[in-house]
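One letter stands for each residue in the lines below.
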Amino acid sequence: MEAEGSGLQERNVNTNLDGLETIEQKIIALAQARPNKGISDKDLAIEIPDLRPDQRAQIINKLLKQECFELYNNKQTGVLSYRLRDPTKIVKGADNEEKVVYKIIEEAGNKGIWTRDIRFKSNLMHTQLKKILKSLETKKFIKVVKSVAASKKKVYMLYNLEPDESITGGAWYQDQDFETEFVDVLNQQCYRFLEQKKEKTKNCNIGPVAARNMTFASSKDVWKFISDLGISKVKLSVTNIEMILNTLVYDGKVERILAGDGSNLYRAIEPLVISPGLIRTPCGLCPVRKHCFDDGPVTPIKCQYIREWLD
Amino acid sequence: MKDFQSKLCMLLLEEYFGNIVQCIGNSLLHSRKTLDVIRLHTNLPLIKVKEGLCVLIKYGFVTYQQDEKGSVHYVLHCEKIIMLLRYPRYMLFAKTYCRDEGEIMLEEVLKHGYITASEVIIKTYKRLEETPSKCAEQLSVANLKNTFELLVKNQFLMHSISFNTMKENIEKPEYNLPHLNMTAISNILQGQNADPGDNKLYWKVNFDRFTQDFRDKIMVSAMTQRFDINAGELMRQLINLMYLRTAPWTATSNPIPYTEIKEEVKKLTFLELEQYLDQYLRLIEEDSSQFIKRVGDSGGGQYSVNMKNAFKQLVWATIESIVAERFGSKAARIFRLVRIEKNVNLDQIQQLAMIPAKEAKCLTYILAQENFIQMQEIKKAGTLAAPTKGPFHFYIDLTKIVQMEIEHCCQALYNIIKRRDHELSNNKRMIEKQLRVQILSSNMKEHGATEQQLADIAEMMTPSETQQLEKAQNAIKKLNVTELQIDETLFLLTIYLPYH
Ligand code: SF4
């Protein structure tokens, strides 16, 4: 349990660190909504009231330094405003190729696009494209995101975009790593919930069918239990929990049925067969069985596994 | 594919009947043969071949068929040889129904293959005379005759009529009891010559009856395991009712009316089952295991026992446990996933099983390599055989796995028996010595030996010898138990095949 606990704590810390970045994203989104007018300090104070001025300055300065924002004087209001730089217009020394590549990446949206596909679409040479991508990346117009679907596959998207779930893997991934421990803990807890539900029906003398019906839980019930437990700092959806519950179905521990209203119901079940005789013997589990013959390198008479098991 | 099954059969033949019989069995392993061919093949003198064949035929391991030209071919039945492993269980089963006397009688029939009723009674009488403690009732020919009739009434024994393969399959089992001349039997027991009155009417063990009973027990305990003892008992009653209207090996029983089930349950002392009978029926019927099916609504409902499906589910559960135990719970998750989702590719497996990509891939390939799941390349329609490997689909071929695991059981049994023989022969001297010491000591006791003398005799076994002997005996006991356990799995898997 210790290892699991620390894993969860880490998630917690990471989410807190994300705070400022989330605000940054929010500011970018605001600027995107007003591509021409831009946003002023005053607008920001209204839209994000809890943001302290020093924090605001910090973020804006960062964005300006990254050449993501530009400062401009709004002629109508006479207020100094920030707006998103349009790289296709502004980038100094931006040649046509860079613009083309930028456009292709922009079109790919938050699902990103693979180098190979950019090459096909832009008809650029490999080395040339590499250079352009590098340049756009250093200027922070685009970024590289590792996809969870394939560890070697990198996709490009605009710098300020939040990658799609299909790229990040959603709740189950942290920095492209699948969080086995987290999933395993949830799998155990969901099962514990269903098992306890079943335990409660024992000795309550209401007849077997009523008892069985009491052991069913909807995915929402389970979701609530897990949320209340507070083991996950990431917000999980009911669909997320259903994914976990399905792993329990695949584990053979839980059965799923379709309720009248179209929702899924789950309950813990007992197996039909417990530990067949074969696997209670050394030869049932033996890793070298294929090489075990009367005159082979391993023989039943010399066998170490049987000797240890007999002792 | 059937290497170890054959090896196991040959080992059993050698253990029980010796070299020559094994040799003849071996020559019949792969094809039927005529007497002459067997002789040529085995290089044994004709008389030995004949004797050996006689033994094999007597126990039902070999039957014969005549072809159009009139020559007689001998056929070996491996599945019957494997039943040798179950003889102890058969005897125990007879004991629970027909007491110790029944057990001994069944043992006599098993030992002889086929035998007349009077002979069984005489042999059993003689054995019980030697060990009167085993006899539950007063030892008398009349009591033994009753026990014999009880065995027949339970259909544990039946007439042995023919060893011809062709005829055997069409014959109906016969259970008509002979008229025994009791005085004649008593006279024979006293060493006189007499005619017991059942000359040439032979009996043999009705193996099918035992096989059915073991099959039924598996189903009852599965329901007990899944729900509770009430559900298990209900299953037992349903199976009993099935026998009344359906041939024992039919895949699904004829409809059993609710009223009849209720009648049967009333006769039991399962109060809770009686009170909630409707609900228990619903419980079993609605369960995903589908052991029974509701097939009609008239008269409170009609139910059918689905043997075929029950064994499919039982075999799935067995194989799933084997996978879990051999390759871990994550591998078992993948295995069940492929079972439930039918055709899946690697990406789907990884997403649904929620196992990291690398691990999922690795486990899937292990399962494929060990033949628990099958891989199939998806060919896109219209494209010619592409040089690159396309994406793969995974699916399960259950029958193939069952055959593979039957082989696995046979290999495990073979190894365990080999090992036990080894332990026995390794400690033979010690075991014999202990026996001698025991006999000596009990003889001396009868002749009024002193404590001191007895202690001296006991000391003939040194402490280290006693210790070693104890160790060996424990090992042999453990190996014996294991043999029975493996056979349970083998039995379950074997039952599946004829249904599918
Ligand atoms: S005898 Fe030993 S080596 Fe051979 S299969 Fe059994 S456990 Fe494995």
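None of these values were measured; they are calculated from a predicted model.

The rules we used
- Residues numbered from 1 in each chain as written.
- Chains lettered and ligands numbered in written order.
- Predicted model: local features only at pLDDT ≥ 70, side-chain atom pairs only at ≥ 80, totals over all residues.
- Heavy atoms only, no water.
- UniProt positions renumbered as here; feature names shortened; annotations may be inferred.
- Helix = DSSP H or I, 4+ residues; strand = E, 2+ residues; numbered from the N terminus.
- Core = buried A, V, L, I, M, F, W, Y, C linked by side-chain atoms within 4.5 Å.
- Buried < 20%, exposed > 50% of the residue type's maximum accessible area, 1.4 Å probe, protein only.
- Pairing = 2+ DSSP bridges.
- Contact = heavy atoms within 4.5 Å.
- Axes fitted to C-alpha atoms, helices over the stretch in contact; angles between N-to-C directions.
- Patch = residues over 30% accessible without salt bridge, like charges linked within 9 Å, V, L, I, M, F, W, Y side chains within 5 Å.
- Areas by Shrake-Rupley, 256 points an atom, 1.4 Å probe, with all protein chains shown as cover.
- Salt bridge = Lys/Arg side-chain N within 4 Å of Asp/Glu carboxyl O.
- Lys, Arg positive; Asp, Glu negative; His and termini not counted.
- Charge placed at Lys NZ, Arg CZ, Asp CG, Glu CD.
- Parallel < 35°, antiparallel > 145°, perpendicular 65-115°, else oblique.
- Left-handed = near helix turned anticlockwise from the far one by under 90°.
- Nonpolar A, V, L, I, M, F, W, Y, C, P; charged D, E, K, R; others polar.
- Polar contact = N/O pair within 3.5 Å; in protein donor to acceptor, adjacent residues only side chain to side chain.
- Disulfide = S-S within 2.5 Å.
- Near = heavy atom within 4 Å.
- Domains from an automatic or database assignment.
- Phe/Tyr/Trp six-rings, centres within 6.5 Å; stacked < 30°, edge-to-face > 60°.
- Lys NZ or Arg CZ within 6 Å of the ring centre and 35° of its normal.

A. Molecular detail of the UniProt feature "domain: RNA polymerase III subunit RPC82-related helix-turn-helix" (unreviewed entry) in chain B. Under the UniProt annotation, "domain: RNA polymerase III subunit RPC82-related helix-turn-helix" (unreviewed entry) lies at residues 7-66 of chain B. As a span, residues 7-66 of chain B carries 70% helix and 12% strand, and end to end its C-alpha atoms are 28 Å apart.

B. The nonpolar core, seen in detail. The biggest cluster of nonpolar side chains holds 148 residues, and the ones touching the most others in it are Leu 106, Met 219, Leu 234, Ile 261, Phe 291, Leu 314 and Phe 335 of chain B. For this core, the leading source of residues is helix α20 (residues 398-426) of chain B, giving 12 residues. Formed by 28 residues, the second largest nonpolar core is a distinct cluster that contains Val 183, Ile 241, Val 254 and Tyr 266 of chain A.

C. Expanded view of the sheet that holds strand β11 (residues 264-268) of chain A. Residues and elements named next belong to chain A. The 3 strands are arranged β9-β11-β10 in an open sheet whose pairing can be described as antiparallel. Taken across any chain shown, the strands that pair with only one partner, and hence form the sheet edges, are β9 (217-218) and β10 (254-258). For β10 and β11, the ladder comprises 5 bridges, and the chain directions are antiparallel. When the sheet's bridge partners are listed, Ile 257 is paired in β11 with Leu 265. Here helix α9 (residues 180-201) sits on the sheet in contact with β9, β10 and β11, set at roughly 75° to β11.

D. Molecular detail of a positive patch on the surface. Residues and elements named next belong to chain A. A contiguous patch of positive charge, built from Lys 130, Lys 134, Lys 146 and Lys 154, is present on the exposed surface. Relative to the helices and strands, Lys 146 resides in strand β5 (residues 142-146). When its relative accessible area of 45% is taken as the criterion, Lys 146 is described as partly exposed.

E. Region of the structure containing the packing of α20 of chain B against helix α23 (residues 463-499) of chain B. All names here are of chain B. At a minimum axis separation of 9 Å, α20 and α23 run at an interaxial angle of 160°. Between α20 and α23, the crossing angle belongs to the class labelled roughly antiparallel. Like other packed secondary-structure pairs, α20 and α23 cross with a definite hand, here left-handed. Here the contact of α20 with α23 is built from residues that sort into 18 nonpolar, 6 polar and 6 charged.

F. Focus on the pattern of salt bridges. Residues and elements named next belong to chain A. All chains considered together, the criterion is met by 38 salt bridges over all chains. Across the pair Arg 267 and Glu 255 runs a salt bridge whose closest N-O atoms are separated by 3.1 Å. Of this pair, Arg 267 sits in strand β11 while Glu 255 sits in strand β10, placing them 12 residues apart in sequence. As far as the burial class goes, Arg 267 and Glu 255 line up, both buried.

G. Examining the side chain of Lys 143 of chain A more closely. All names here are of chain A. Its place among the elements puts Lys 143 in strand β5. Buried Lys 143, no salt bridge; nearest opposite-charge side chain is Glu 162, N-O distance 6.0 Å. Within the local environment of Lys 143, its side chain forms a polar contact with the backbone oxygen of Tyr 159, the two atoms lying 3.2 Å apart. Setting aside its immediate chain neighbours within four residues, Lys 143 contacts Val 155, Tyr 156, Met 157, Leu 158, Tyr 159, Leu 161 and Pro 163.

H. Main features of the state of the cysteines. Residues and elements named next belong to chain B. Using the criterion set out here, one finds 0 disulfides over all chains in the structure. Looking at the unpaired Cys 9, the closest cysteine sulfur is the one in Cys 78, lying at 3.7 Å. The exposure class assigned to Cys 9 is buried, which follows from its relative accessible area of 0%.

I. The site of the ligand, seen in detail. Near the ligand the following residues occur: Pro 282, Cys 283, Cys 286, Val 288, Arg 289, Cys 292, Pro 300, Cys 303, Tyr 305 and Ile 306 of chain A together with Asn 415 of chain B. Among the chains of the assembly, those with residues near the ligand are chains A and B. Elements supplying a minimum of two residues to the shell around the ligand: α13 (282-285) and α14 (304-310) of chain A.

J. Region of interest: the domain arrangement of chain A. According to the domain assignment, chain A contains domain 1 (17-84), domain 2 (96-169), domain 3 (180-268) and domain 4 (282-310). Once you take the C-alpha centre of each, domain 2 of chain A and domain 4 of chain A turn out to be 56 Å apart.

K. Quick look at the interface of chain B and chain A. In this complex, chain B contributes 60 residues to the contact, which on the side of chain A involves 53 residues. Inspection of the chain B/chain A interface yields 5 salt bridges. Between Lys 471 of chain B and Asp 311 of chain A there is a salt bridge, with its nearest N and O atoms 3.9 Å apart. Scanning the region where chain B abuts chain A turns up 21 residue pairs in polar contact (both at pLDDT 80 or more). For the side of chain B that touches chain A, the element with the most residues is α20 of chain B, which contributes 12 residues. Across the side of chain B that touches chain A, the residue classes break down as 25 nonpolar, 17 polar and 18 charged.

L. The arrangement of the packing of helix α21 (residues 428-446) of chain B against α23 of chain B in detail. Residue and element names in this part refer to chain B. Packing of α21 against α23 brings their axes to within 10 Å, and their N-to-C directions diverge by 110°. The angle between the axes of α21 and α23 places the two elements in the roughly perpendicular class. For the pair α21 and α23, the sense of crossing is left-handed. On α23, the residues that touch Arg 429, Met 430, Ile 431, Lys 433 and Gln 434 of α21 are Glu 465, Gln 468, Leu 469 and Gln 473. Within the contact of α21 with α23, the residues separate by chemical class into 3 nonpolar, 3 polar and 3 charged.

M. Expanded view of the packing of aromatic side chains. All chains considered together, the criterion is met by 29 aromatic pairs over all chains. Judged by centre distance (5.9 Å) and plane angle (20°), the ring pair of Tyr 59 of chain B and Phe 61 of chain B falls under stacked. Of the two residues, Tyr 59 of chain B and Phe 61 of chain B, neither departs from the other in class, the shared state being buried. Each ring, one from Phe 335 of chain B and one from Phe 372 of chain B, has its centre 6.3 Å from the other, and the planes form 85°; the classification is edge-to-face. Pair noted here: Phe 335 of chain B is in helix α17 (residues 329-341) and Phe 372 of chain B is in the loop between α19 (357-369) and β10 (374-377), with a separation of 37 residues, a long-range link. Residue classification places Phe 335 of chain B among the buried residues on the basis of a relative accessible area of 0%. Feature note: the residues Tyr 87, Tyr 90, Phe 93, Tyr 97, Phe 156, Phe 207, Phe 210, Phe 214 and Phe 491 of chain B constitute an aromatic cluster, connected by ring pairs. Of note, Lys 143 of chain A hangs over the ring of Tyr 159 of chain A, and the distance from its end group to the ring centre comes to 5.9 Å. It is Lys 253 of chain A that lies over the ring of Tyr 191 of chain A; its NZ or CZ is 4.9 Å from the centre.

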